[in-house]
Amino acid sequence: MAAKYQCVCNYVYDPAEGDPKGKIPPGTAFEDLPDDWVCPVCGLGKDAFVQI
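Moving on to the sheet that holds strand β2 (residues 12-13). Read across the sheet, three strands follow the order β2-β1-β3 without closing on themselves; strand pairing throughout is antiparallel. Two strands bound the open sheet, and with one partner strand each, they are β2 and β3 (49-51). The pairing of strand β1 (residues 5-7) with β3 spans three bridges and is classified as antiparallel. The partner of Tyr5 across the bridge, within β3, is Gln51.

Right, dumping it as structure tokens:
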């Protein structure tokens with residue numbers, strides 16, 4: 001099971017779900033997200049996330 005990551009705004013990126021708004025398909029690991037991907041809730045970058 002792939003790790004989930006939580007943004008400082010409490011949004012959780014779940015690799016099993018991907019990010020439909022950001023056109024990220026299900027099954028995409030957090031590490032494989034594009035460098036310019038941002039939180040769909042608050043707009044912060046990947047550095048605002050911590051593994052949970």
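Quick look at the nonpolar core now. Counting 11 residues, the largest nonpolar core consists of Tyr5, Cys7, Tyr11, Tyr13, Ile24, Phe30, Leu33, Trp37, Cys39, Ala48 and Phe49. Ignoring sequence-local partners within four residues, the contact set of Ile24 consists of Tyr13, Gly18, Asp19, Leu33, Pro34 and Trp37.

Applying the stated rule across the entire model yields one salt bridge. For Asp14, the salt bridge is made with Lys4, and the minimal N-O distance between the two is 3.7 Å. With Asp14 in the loop between β2 and β3 and Lys4 in the segment before β1, this residue pair connects regions lying 10 residues apart in the sequence. For Asp14, a relative accessible area of 14% puts it in the buried group.

Before going further, it helps to examine unusual backbone geometry. Notably, Asn10 is not glycine yet its phi reads approximately 85 degrees, a positive angle. Considering the arrangement of structural elements, one finds Asn10 in the loop between β1 and β2.

About the thresholds
- Residues numbered from 1 in each chain as written.
- Predicted model: local features only at pLDDT ≥ 70, side-chain atom pairs only at ≥ 80, totals over all residues.
- Heavy atoms only, no water.
- Pairing = 2+ DSSP bridges.
- Helix = DSSP H or I, 4+ residues; strand = E, 2+ residues; numbered from the N terminus.
- Core = buried A, V, L, I, M, F, W, Y, C linked by side-chain atoms within 4.5 Å.
- Buried < 20%, exposed > 50% of the residue type's maximum accessible area, 1.4 Å probe, protein only.
- Contact = heavy atoms within 4.5 Å.
- Salt bridge = Lys/Arg side-chain N within 4 Å of Asp/Glu carboxyl O.

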